[in-house]
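One-letter residues, chain by chain:
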Amino acid sequence: MTARETRLGIGIGWRPEIAEAVEALPGVDWVEVVAENVCAGHLPESLRRLRARGVTVVPHGVSLGLGGADRPDAGRLAELAATAEALGAPLVTEHIAFVRAGGELTATPVLEAGHLLPVPRTWDALDVLCENVRIAQDALPVPLALENIAALISWPGEELTEGQFLAELVERTGVRLLIDVANLHTNHVNRGESPAKALAELPVEAIAYVHVAGGLERDGVWHDTHAHPVPEPVLAVLADLTSRISPPGVLLERDDRFPPVEELAAELTTIRRTVTQAVAARGAAPAVDPTPTRTGAAPATGDAPNGAEDRTTARAGAVAAERPLLIGVGARVSGGAMPRPRGFGPGGACEPGAYGGAEPVEAQGVRGLAPGFGKGRGGGRPRPADVPGGIARARERVGVAQTALLSALVAGTPAPEGFDTRRLGVQSRALTAKRADVVARIAPELPEILGDGYRPAFRAYATSRPMTGGYRRDALGFVEHLLVAGRVEDPAARRRLTRWWQERADTRPPRRATRLIHAARAALARRG
């Protein structure tokens, strides 16, 4: 089956903070937007204007949790499908990660990470991921590409390398890959993994496009912030990848501390130069125009090679001559902040309701299959479908493992055996800080009311109360906790918090009798 590829051109990550700058920036052919930050029913006017100019918009999801033990949530899939259709997107992208755990599989409360956490590279986890990917492909109206994530922690007892894991995923499902070279560098620093080895093992012909981003190293840990310039080591990984094959696209991500437009343009120039030099050294035809394209140029499409070619260096050079390099700037994904949660203001949340139905799987396979799909690159392990109850048992085992890890990170339970407890502590503190940051963004009144006491109060709340819903619910839970526990001594601040809670919870705040009942229940629970 022949997959369709879309030539995107040069783009920038659309974020509300820089919407006007994105529209004014010359040479923008496409933008990438965090899917959860927009609603299909009422797209931001800025995106509407960009689309009217012929700018392609690619939605990038962060909340499906396809690497989790549960089947993908039908509502989230439907919303992503509706967003892709509303944007007229040629493809959608997500992550190889889990973002929640618990529930029916483990008979425990559902816990939300609020962050992209690594999937164990085991056969069980691969079996579950592949089935979840096929479910998602069946529900989405356009091809799906998945991104490798940055990780601070490593799973003990892994059975495959990252490259092997990705190769097997592509072989089984035909999904395309979004390779983040900054994440490969992050995993090199934090987990001792070789980017060159990963690139040598993964099916480079399956790459849909590439992410490039900046970060910084602190205390021996690399933080993939998407808020700093792209460093030389990340550019070196990009050059290595491009020396093997010219990817259909290269995307620069910036999610915070947005620099002036001139600095973004300079970074694009550096990336373009890195790629063209690597291509020239390989002896292939130049794949990128050294000058920016005209703003709003219409996207072009073309047939990708059939899936019969093998992954040899000679073939990589041939593909490089066939496929143009597309350099862009994209919105944050794996390492920086999670998507901007829909806030409490007017129009800040999508109303739940019916979503557009997804098209069925095509007769010969799933849309947008990667070249090489079905050519038998796997390791010969029996597929779970061949074993009675295999996938159900795999889900249970993965669910237990992921719940134990996430519980240790957000609920203070003992660390599972084999994990680096120091790294778990760093990750746990980072998750708590991230919760505080996001709640402060969607509810800026709270740090204003509480002042310097906001972060200590939120840390005390988060330590004993894991996130079990979205960030909006987290903000409401935080304020209710303060009011119930009587933690706000200033009468004026308490009145403002009570008013804030009333306006958003659409109910009466807890009275003294209710607070006493909550306190009694909490005391009994502690005794038990």
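These numbers were taken from a predicted model, which means no experiment stands behind them.

A.B. asks: For this particular structure, what's the right way to read the environment of Val250?
C.D. replies: Relative to the elements of secondary structure, Val250 occurs in strand E13 (residues 250–253). On a C-alpha basis, the gap between Val250 and Leu8 in space is 9.9 Å, while along the polypeptide they are 242 residues apart.

A.B. asks: So what exactly am I meant to see when it comes to the side chain of His481 here?
C.D. replies: Of note, His481 is situated in helix H15 (residues 471–485). Residue His481 is classed as buried on the basis of its relative accessible area, which comes to 10%. When residues no more than four places from it in sequence are discounted, the contact partners of His481 are Tyr461, Arg465 and Arg487.

A.B. asks: What's the story with the packing of aromatic side chains in this structure? I'm lost.
C.D. replies: Taken as a whole and assessed by the stated rule, the structure comprises seven aromatic pairs. Relative to Phe458, the ring of Tyr454 lies with its centre 6.0 Å away and its plane at 35 degrees, an arrangement referred to as tilted. Of the two residues, Tyr454 and Phe458 both sit in helix H14 (residues 454–464), four residues apart, roughly one turn of that helix. Among the aromatic residues, those joined into a ring-pair cluster are Tyr454, Phe458, Tyr461 and Phe478.

A.B. asks: Explain the side chain of Asn148 here, please?
C.D. replies: Note that Asn148 resides in the loop between strand E8 (144–147) and helix H5 (162–173). Judged by relative accessible area, Asn148 falls into the buried class, the value being 2%.

A.B. asks: Looking at this structure, I do not really get the nonpolar core. What am I missing?
C.D. replies: Within soluble globular proteins, side chains that are nonpolar generally end up buried alongside one another. Formed by 61 residues in total, the largest nonpolar core has its most connected members in Leu144, Leu169 and Val212. It is helix H4 (residues 123–139) that provides the largest number of residues to this core, a total of 10 residues. Setting aside residues up to four positions removed in sequence, Val212 forms contacts with Val181, Val230, Val234, Leu238, Val250, Leu251, Leu252, Glu253 and Ile271.

A.B. asks: Just to check I follow, could you spell out the pattern of salt bridges for this structure?
C.D. replies: Pairs can form between side chains of opposite charge once their charged atoms are near each other. Here the structure, examined in full by the defined rule, presents 19 salt bridges. Residue Glu158 is joined to Arg121 by a salt bridge in which the shortest nitrogen-to-oxygen separation is 3.8 Å. Placement of the pair is Glu158 in the loop between E8 and H5 and Arg121 in the loop between strand E7 (108–117) and H4, with a sequence separation of 37 residues. Judged by its relative accessible area of 7%, Arg121 falls in the buried class. When the shortest N-O distance is used, the salt bridge between Glu162 and Arg121 registers 3.7 Å. Of the two residues, Glu162 is situated in helix H5 and Arg121 in the loop between E7 and H4; the sequence distance between them amounts to 41 residues. Arg121 carries the same exposure label as Glu162, and that label is buried.

A.B. asks: How should the confidence of the model for the chain be read in this particular structure?
C.D. replies: Detailed conclusions should not be drawn from predicted coordinates in areas where pLDDT is low. Looking at the chain as a whole, its pLDDT mean stands at 80, while 74% of the residues score no less than 70. Taken together, the stretch residues 293–338 has pLDDT below 50 and engages in 177 contacts with residues farther than four places along the chain or on a different chain. Confidence drops under a pLDDT of 50 for residues 372–378, and excluding neighbours within four residues, the segment shows 20 contacts in the predicted structure.

A.B. asks: Got a minute to help me understand helix H8 (residues 232–244) in this structure?
C.D. replies: It helps to recall that an α-helix has 3.6 residues per turn; residues three or four apart then point in one direction. The terminal C-alpha atoms of H8 lie 19 Å apart, and with 13 residues this matches the ideal 18 Å at 1.5 Å per residue to within 8%. Within H8, the full set of buried residues consists of Val234, Leu235, Val237, Leu238, Leu241 and Thr242. In an axial view of H8, the angular spread of the buried residues amounts to 155 degrees, which keeps them on one side of the axis.

A.B. asks: Sorry, what's going on with H4 here?
C.D. replies: Given a rise of 1.5 Å per residue, 17 residues ought to cover 24 Å, and the 25 Å separating the end C-alpha atoms of H4 matches this to within 8%. Within H4, 14 of the 17 residues are buried, which leaves it mostly tucked inside the rest of the structure.

A.B. asks: What is the right way to read unusual backbone geometry from this model?
C.D. replies: In this structure, His226 is a non-glycine residue whose phi angle is positive, near 60 degrees. Secondary-structure assignment places His226 in the loop between strand E12 (221–223) and H8. Among the residues examined, His226 registers a relative accessible area of 0% and is labelled buried. Even without glycine at this site, Arg257 takes up a positive phi of about 50 degrees. Mapped onto the fold, Arg257 is located in the loop between E13 and helix H9 (261–282).

A.B. asks: For this particular structure, what's the right way to read the pairing of strand E9 (residues 176–180)?
C.D. replies: Regular strands place their side chains on alternate faces of the sheet. For E9, a buried count of five out of five residues is recorded, marking the element as mostly surrounded by other parts of the structure. Residues Arg176, Leu178 and Asp180 line one face of E9 and the alternating positions Leu177 and Ile179 line the opposite face, and both faces are buried. Here E8 pairs with E9 via three bridges, running parallel. Looking at the pairing, Leu146 lines up with Leu177 of E9. Tracing the backbone out of E8, into H5 and back to the parallel element E9 gives a crossover that is right-handed. Strand direction decides the pairing type here: E9 and strand E10 (residues 207–212), joined by four bridges, are parallel. Following the sheet pairing, Leu177 is matched in E10 by Ile207.

A.B. asks: Would you mind showing me how to read the pairing of E13 here?
C.D. replies: The side-chain alternation of E13 yields two buried faces, one formed by Val250 and Leu252 and the other by Leu251 and Glu253. As judged from the three bridges shared by E10 and E13, these two strands associate in the parallel manner. Residue pairing across strands places Val210 opposite Val250, the latter belonging to E13.

A.B. asks: How do you make sense of the environment of Gly41 when you look at a structure like this?
C.D. replies: Relative to the helices and strands, Gly41 resides in the loop between strand E3 (30–34) and helix H2 (45–52). The class for Gly41 is exposed, based on a relative accessible area of 66%. Linking Gly41 and Ala82, residues 41 residues apart in sequence, is a C-alpha distance of 8.6 Å.

A.B. asks: Got a minute to help me understand the packing of H4 against helix H11 (residues 390–410) in this structure?
C.D. replies: How two helices pack is summed up by the angle between their axes together with the distance between the axes. Packing of H4 against H11 leaves a shortest axis separation of 9 Å and a crossing angle of 110 degrees. When the interaxial angle is binned, H4 and H11 end up roughly perpendicular. Handedness of the H4/H11 crossing: left-handed. On the side of H4, the interface is formed by Asp124, Ala125, Asp127, Val128, Glu131, Asn132 and Ile135, while H11 contributes Ile391, Ala394, Arg395, Arg397 and Val398. Its residues placed into classes, the contact of H4 with H11 shows six nonpolar, one polar and five charged.

A.B. asks: Please explain the environment of Arg504 as it appears in this structure.
C.D. replies: Inspection of the secondary structure assignment puts Arg504 in helix H16 (residues 491–505). Here Arg504 falls in the buried class, since its relative accessible area comes to 18%. It is 9.6 Å that separates the C-alpha atoms of Arg504 and Arg472, two residues lying 32 residues apart in sequence. A polar side-chain atom of Arg504 sits 3.1 Å from a polar atom in the side chain of Glu503.

Rules behind the numbers
- Residues numbered from 1 in each chain as written.
- Predicted model: local features only at pLDDT ≥ 70, side-chain atom pairs only at ≥ 80, totals over all residues.
- Heavy atoms only, no water.
- Helix = DSSP H or I, 4+ residues; strand = E, 2+ residues; numbered from the N terminus.
- Buried < 20%, exposed > 50% of the residue type's maximum accessible area, 1.4 Å probe, protein only.
- Contact = heavy atoms within 4.5 Å.
- Phe/Tyr/Trp six-rings, centres within 6.5 Å; stacked < 30°, edge-to-face > 60°.
- Core = buried A, V, L, I, M, F, W, Y, C linked by side-chain atoms within 4.5 Å.
- Salt bridge = Lys/Arg side-chain N within 4 Å of Asp/Glu carboxyl O.
- pLDDT = per-residue confidence, 0-100.
- Expected span 1.5 Å × (residues − 1).
- Arc of directions from axis to C-beta.
- Pairing = 2+ DSSP bridges.
- Right-handed = clockwise from strand over helix to strand, strands pointing away.
- Axes fitted to C-alpha atoms, helices over the stretch in contact; angles between N-to-C directions.
- Parallel < 35°, antiparallel > 145°, perpendicular 65-115°, else oblique.
- Left-handed = near helix turned anticlockwise from the far one by under 90°.
- Nonpolar A, V, L, I, M, F, W, Y, C, P; charged D, E, K, R; others polar.
- Polar contact = N/O pair within 3.5 Å; in protein donor to acceptor, adjacent residues only side chain to side chain.

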